[in-house]
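Remarks on the overall topology
Here is how the chains run, residue by residue.
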Amino acid sequence: MNPNNPKKPNPNSGNPAGGSNRGGRGRGPAQGGGRGRGGGQGPQPLSSSLNTSRGQAVRAQKRSQMDAQRIANQYQAADAVKPMRANVIDDQPRLKIIGLGGMDGGGSKNMILVEYINDAVILDCGNDLGVDLPGINYGIVDTAYLETIKHKLRGYVITHGHLDHIGGLPHIVPKFPAPIYGSNFTIGRVEEIFNNFGLPMPDGFELKTVTMNENTHERLKIGEFFVELVRITHSIPGSTCIVLDTPVGRIINTGDFRFDPNPLDHERSDIERLKELGDEGVLALLSESTTVERAGRTPSESSIEQSFVDIIDQAPGRIFIGLFSTNMNRVQMIINAAVHHNRKVAMDGRSMVSTLEMAVRHGFVRVPKGTFVPIASVATMKDQDVVVVCTGSQGEPSSALQRMANGEHRHVKLKEQDTVVLSSTPIPESGNDSLIGDMVDGLVRRGVHVFEHRHHELDGVGPLHVSGHASRDEYSDMIQFTKPKFFIPIYGAYRVKQRHIELAIENGIPRGNTVNAENGEVICLTPDKMELAGEVPHGTVLVDQTGAVVSNVVVKDRVLLSEEGLVAVILTVDKKSGNLMTSPDIISRGFIYMRDNEEIMNGLRVELKRAVQQRFKRVDLDRFKVELKDHVTHYLFEQTQRSPIVIPVINVIGGGGGKNGKDQAGKQGGQAQGQPGQPAEKPKTAEEVAADQQKRFQEMRARLLTQDARTD
């Protein structure tokens, strides 16, 4: 059996031309009379007596490429989206609302543009942390449309400080500068992510922020608009609704919200103000839709406080609590419980520590003196004296809790008496369930007892998490409080937004006054009418760990590499004779293990030698490389039923100096070129030039063949 394809027989079984004997059986680039040898037919492409047709190999390769492109196109850039007529300048006196992000999936890279004639504001500017592509950290909104209206932009108004609402700011604001408006805590978070951003800001860029007081109903003028923030409860301090008074009418963006009657920070939602705004008149309500399919009401944050007190009271050893790094109200709850039991608190996770420092500085978290200890000191403390609060509740690969589960944490080695509490549930639409499950498996293998909110009844403990989002009854309340004329669900999957529309209809909104818009669609509003009016360029820009943008083409290649692997063939050819000067070198990465497949590799070398002998001097080098790539792809597909990326590297040696010698070899050598020679006092002979080129090639070859596969 073929070790790389159990369903396919061994490459040489039933194949009389297998292995190194293949070269002597008439198989090769040219067969049959004068084919490829003149006879009036001219140069012919490489041919072979391989059992599979070239068409089969080509189709298999195209399928792999299409599959990779389909995966990459889930996060397509705007230049790949065909623009519609809405791209023309439209200065009619009507309000345009455009969801550039957040109108699909679970609500991520949230960003809504509000535009009126010569003025525009952006509501939220987030990133998408749920992108699952090789080497990609997150996605942000493509700003192609903003390029066309950047002269109109007057400001960014932010509902709250979660990354799916602010994570795009360091990328977008420097390109389209304008002040950023938000609550005290939100602006603190904005300044924090700019300070921690990995890339330098453009020369002359200055971050401008405006802190607004959500408790006093402060109203500020931004171009033709007036903006007000209204306090709302969520899972992060400083969360607000945005009230935007426009020349056409008032719109409200709820941001992420719930109506918690008893929040830990005592900052209840300002329901009275929402009712006042509704009585005054609201043209359109833009309401988040994340959990509209959940019945009833979301429990209060205070309902889980006793659960932490009980666990800390009963746990025999150290306690590790994983939660979202921005949930400062819950951090305060855990600090209070730890102090109550005379335990110290250690924090772990860069994002959590950074947010906590900002929260303490702004007075959102209060810590008794002497409560905190460094994470490095946990190993030397008595088990019953410490609580560790850390990131990793979603099973993130590089998080503190995941490193503990893997036994890779620098300061903490888990032991059997330890208790781990996951104070969260999987983020909707994120696919984090499997990540969390794998992490819990690692923790349980180490003998650690794990408490999860979703299994808290099985474990005999109280609830360990409450959602930061409303449930169905609270979404109804928001509609009833604000009494909008038009209803636009935002920040959610299409099917969930449609349920939100049905809920709005149940609450008295006419169906004709609702719209389920997608990213890029233009919603036009007048005091009496709402309609869709085309589409603007939109899409996703992918960002790697360094903060640099990654091309969609590169992502497609990465997907192909991860699925099929890569094979590079390196040939050194004498220009005069057209013969190989060394045996072909073959490098395989992520395709097959060459030592276990020597017959396939030997057969490939025979095919390469035959190709050079029969085609190199008959066609130009570029044509030869194309034919060679197709032939190698065909051969490998027959042997393995797989289509790796094939890179032919041709190094041409000799042929005299000048254009036909060293210069031509350097230009046509493809991916493997020698370094230019050193200036000489007298011109070198053709033999000396060829010798220098051969020496440089051997050095290059040695580097390629000895490179660590892990760094390719």
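It should be emphasised that the depicted structure is a prediction, and the values quoted were computed from it without experimental measurement. (Residues numbered from 1 in each chain as written. Predicted model: local features only at pLDDT ≥ 70, side-chain atom pairs only at ≥ 80, totals over all residues. Heavy atoms only, no water.)

**Here's the deal with the overall build of the chain**
For the chain, the helix and strand inventory stands at 19 helices and 26 strands. Per-residue burial over the chain gives 54% buried out of 712 residues. Long-range contacts, defined as pairs at least 24 residues apart, comprise 72% of the intrachain contacts of the chain with a sequence gap of at least 6. Put simply, the chain shows about 31,500 Å² of open surface, and 48% of that area lies on carbon and sulfur atoms. (Helix = DSSP H or I, 4+ residues; strand = E, 2+ residues; numbered from the N terminus. Buried < 20%, exposed > 50% of the residue type's maximum accessible area, 1.4 Å probe, protein only. Contact = heavy atoms within 4.5 Å. Areas by Shrake-Rupley, 256 points an atom, 1.4 Å probe, with all protein chains shown as cover.)

**Digging into the packing of aromatic side chains**
Evaluation of the coordinates by the stated rule reveals six aromatic pairs. An angle of 20 degrees between the planes, with centres 6.3 Å apart, marks the rings of Phe194 and Phe205 as stacked. Placement of the pair is Phe194 in helix α5 (residues 184–195) and Phe205 in the loop between α5 and β8 (209–211), with a sequence separation of eleven residues. By relative accessible area, Phe194 is classed as buried at 9%. Both rings, one in Phe257 and one in Phe259, keep their centres 5.4 Å apart while their planes meet at 55 degrees; by these two values the pair is tilted. Residue Phe259 is classed as buried on the basis of its relative accessible area, which comes to 9%. Here the aromatic residues Phe257, Phe259, Tyr475 and Phe481 are joined through ring pairs into a cluster of three or more. (Phe/Tyr/Trp six-rings, centres within 6.5 Å; stacked < 30°, edge-to-face > 60°.)

**Here's the deal with the environment of Ser476**
If you trace the backbone, Ser476 turns up in helix α13 (residues 472–482). Judged by its relative accessible area of 11%, Ser476 falls in the buried class. The residues contacting Ser476, other than those within four sequence positions of it, are Leu503 and Asn507.

**Observations concerning helix α11 (residues 433–445)**
Under the 1.5 Å per step criterion, the end-to-end length of α11 is 18 Å for 13 residues, consistent within 8% with the ideal 18 Å. Buried residues along α11 sit against α10 (400–405), β17 (419–422) and β18 (449–452). Backbone geometry just after α11 places Gly447 at a positive phi near 80 degrees. (Expected span 1.5 Å × (residues − 1).)

**A closer look at the packing of helix α7 (residues 305–314) against helix α8 (residues 328–340)**
At a closest axis distance of 9 Å, the pairing of α7 and α8 adopts a crossing angle of 40 degrees. When the axes of α7 and α8 are compared, the pair comes out oblique. For α7 against α8, the interelement crossing comes out right-handed. Side by side, α7 and α8 meet where Glu305, Phe308, Val309 and Ile312 of the first sit next to Arg330, Met333, Ile334, Ala337, Ala338 and His340 of the second. (Axes fitted to C-alpha atoms, helices over the stretch in contact; angles between N-to-C directions. Parallel < 35°, antiparallel > 145°, perpendicular 65-115°, else oblique. Left-handed = near helix turned anticlockwise from the far one by under 90°.)

**Some remarks on the packing of helix α6 (residues 271–280) against α13**
Relative to each other, α6 and α13 sit at 50 degrees, their axes nearing to 6 Å. Of the possible angle classes, the one that applies to α6 and α13 is oblique. Contact residues: α6 offers Ile271, Leu274, Lys275 and Gly278, while α13 offers Met478, Phe481 and Thr482. When grouped by side-chain class, the residues that make up the contact of α6 with α13 number four nonpolar, two polar and one charged. (Nonpolar A, V, L, I, M, F, W, Y, C, P; charged D, E, K, R; others polar.)

**Some remarks on unusual backbone geometry**
Phi is positive for His266, which is not a glycine, with a value near 60 degrees. Looking at where His266 falls in the secondary structure, it is placed in the loop between β12 (250–253) and α6.

**Re the pairing of strand β15 (residues 344–348)**
Of all five residues that make up β15, four are buried, and the element is covered over most of its length. Where the polypeptide runs from β15 across helix α9 (residues 350–361) and back to strand β16 (residues 386–390), its parallel neighbour, the crossover connection is left-handed. (Right-handed = clockwise from strand over helix to strand, strands pointing away.)

**Some thoughts on the sheet that holds strand β11 (residues 240–245)**
Pairing within the open sheet is mixed, and its six strands lie in the order β9-β10-β11-β12-β13-β19. Looking at the sheet topology across the chains shown, the edges are occupied by β9 (219–222) and β19 (484–490). Mean inter-strand twist for the sheet, computed between neighbouring axes without regard to direction, equals 20 degrees. Relative to β12, β11 is paired through four bridges, and the arrangement is antiparallel. (Pairing = 2+ DSSP bridges.)

**Let's talk about the pattern of salt bridges**
A full pass over the atoms with the stated rule returns 29 salt bridges. Between Glu228 and Arg273 there is a salt bridge whose closest N-O contact spans 2.8 Å. Separated by 45 residues along the polypeptide, Glu228 in strand β10 (residues 225–231) and Arg273 in helix α6 bring together distant segments of the chain. When sorted by exposure, Glu228 lands in the same class as Arg273, which is buried. (Salt bridge = Lys/Arg side-chain N within 4 Å of Asp/Glu carboxyl O.)

**Concerning helix α16 (residues 598–615)**
Here α16 spans 25 Å end to end across 18 residues, near enough to the 26 Å set by a 1.5 Å rise per residue. Those residues of α16 that fall on the buried side of the exposure criterion are Ile600, Met601, Gly603, Leu604, Val606, Glu607, Leu608, Arg610, Ala611, Val612, Gln614 and Arg615. Of the surrounding secondary structure, the elements contacted by the buried residues of α16 are β24 (566–574), β25 (585–589) and α17 (621–640).

**Things to note about the side chain of Asp418**
Within the secondary structure layout, Asp418 lies in the loop between α10 and β17. A polar contact of 2.7 Å, which involves the side chain of Asp418, links it to the side chain of Arg318. Not counting the four nearest positions on each side in its chain, Asp418 is found in contact with Arg318, Phe320, Lys413, Val448 and His449. (Polar contact = N/O pair within 3.5 Å; in protein donor to acceptor, adjacent residues only side chain to side chain.)

**Quick word on the sheet that holds β15**
The five strands are arranged β15-β16-β14-β17-β18 in an open sheet whose pairing can be described as parallel. Strands with a single pairing partner mark the edges of an open sheet, and in this sheet they are β15 and β18. Geometrically, the sheet is characterised by an average inter-axis angle of 20 degrees between neighbouring strands, direction not taken into account. Inspection of the sheet shows β15 paired to β16 by five bridges, in the parallel sense. Looking at the pairing, Lys344 lines up with Val386 of β16. Sitting on the sheet, α11 is in contact with β17 and β18, with an inclination near 150 degrees to β18.

**Quick look at the confidence of the model for the chain**
Summing up the model confidence of the chain, the mean pLDDT is 82 and the portion of residues at 70 or higher is 79%. Considering only residues more than four positions removed or in separate chains, one finds that residues 80–88, a stretch of pLDDT under 50, has twelve contacts. Here residues 656–680 is a poorly scored stretch, pLDDT under 50, and it has 39 contacts once near neighbours within four places are set aside; other chains count. (pLDDT = per-residue confidence, 0-100.)

**A closer look at the pairing of strand β20 (residues 521–526)**
Bridge analysis of strand β1 (residues 95–101) against β20 gives four bridges, and the strand direction is antiparallel. For Ile98, the partnering residue across the bridge sits in β20 and is Val522. Here β20 pairs with strand β21 (residues 529–535) via five bridges, running antiparallel. For Ile523, the partnering residue across the bridge sits in β21 and is Leu532.

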